[in-house]
Every structure is written in structure tokens, then in C-alpha cells.
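One letter stands for each residue in the lines below.
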Amino acid sequence: MKVPNNNVKSSAAPLVCIVDDDASMADSTRYLVGSFGFRAEAFLSAQEFLDSGLVEETRCLILILDLRMPGMDGSELQRHLTSANKRIPIIFVSARANEQERIQAVAEGAVDFLLKPFSEDALLDAIQAALNR
């Protein structure tokens, strides 16, 4: 089930997609990203994000991706996008990641890996780094 956000429009402005199975985290992160001035959309699963078609429709896309989710987890989504030649900057977030998981995600191309709870400044810095990629 998608967290509603009726403000997303097709545009050249960056779209930040939050993929997190925790609905309150997904919604609060979407709100925070919106407060930074970015368009934002939230999804409660990797499959829901893929089914949205935004990967194909949006040229300037950034993903904030939870590492551990039921079904396809964040690492699997990252590998799926890479194998499909979709070079989307990814910022991982997790409450329970170990150091090896963090190192692997960055080695496989993630822009940053934030531990929950993360600060507003840390998230904004990670988004800025993603935009500079």
C-alpha cells in the first residue's frame, strides 16, 4: 500500500523515492524530504516502487532505501537496478545494519548509508551528495 502523496508531478526537478516497509518512517521521511524542497514519494516495498514505473519515467531520481524489508530487500533492489542498467543514486537507511552490510552497500555503489535514527542534516547531506553524482 502506497503512502499517499498527491503532489508528485512529472518534472525535471529531482524526485526522491523513499522505500521503507515501516509506514510511519516512510511517511515522516517523505515529509522531511519535502521540507527540503524536493519532490518526494514513499513506497512500502521494493516491488511497489518497481511497479510504480518511476524508474522508467523519471530522469532525476534518488532512492532512500531501507536495507531490511520483507520480500525484496534493499540490497536485492540495488542489485536489480544495477543489472537493469539503472544508475540511480541510493542512500541506504537501517536501524540494524552491521558494518559489513554498510561496507558492501557502499562498495556496490550506494552514495551513503545512514543508521536510524538519522539527523535531518545527515539526510540532507546525503541527498546533496546524491545530486552531485
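Residues numbered from 1 in each chain as written. Predicted model: local features only at pLDDT ≥ 70, side-chain atom pairs only at ≥ 80, totals over all residues. Heavy atoms only, no water.

Draft legend 1. Layout of unusual backbone geometry. Each neighbour pair has its own omega, and for Lys 116 with Pro 117 the value is -5°, a cis peptide bond. When you line up the elements, Pro 117 lands in the loop between strand S5 (112–115) and helix H6 (120–131). Of note in this structure, Asn 85 is not a glycine but carries a positive phi near 60°. On the secondary structure map, Asn 85 appears in the loop between helix H4 (74–83) and strand S4 (90–94). (Helix = DSSP H or I, 4+ residues; strand = E, 2+ residues; numbered from the N terminus.)

Draft legend 2. A look at helix H5 (residues 99–107). Measuring from the backbone nitrogen of Gln 100 back to the side-chain oxygen at the start of H5 gives 3.0 Å, which picks out Asn 98 as the cap. Phi for Gly 109, located one or two positions after H5, is positive at around 115°. (Polar contact = N/O pair within 3.5 Å; in protein donor to acceptor, adjacent residues only side chain to side chain.)

Draft legend 3. Examining the sheet that holds S5 more closely. Spatial ordering of the open sheet is given by S2-S1-S3-S4-S5, a layout of five strands whose pairing is parallel. Each edge of the sheet is formed by a strand with only one pairing partner; in this case those strands are strand S2 (39–43) and S5. Averaged over all pairs of adjacent strands, the angle between their axes in this sheet comes to 20°, without regard to strand direction. Here strand S3 (residues 61–66) pairs with S4 via four bridges, running parallel. Across the sheet, Ile 64 pairs through a bridge with Ile 91, a residue of S4. (Pairing = 2+ DSSP bridges. Axes fitted to C-alpha atoms, helices over the stretch in contact; angles between N-to-C directions.)

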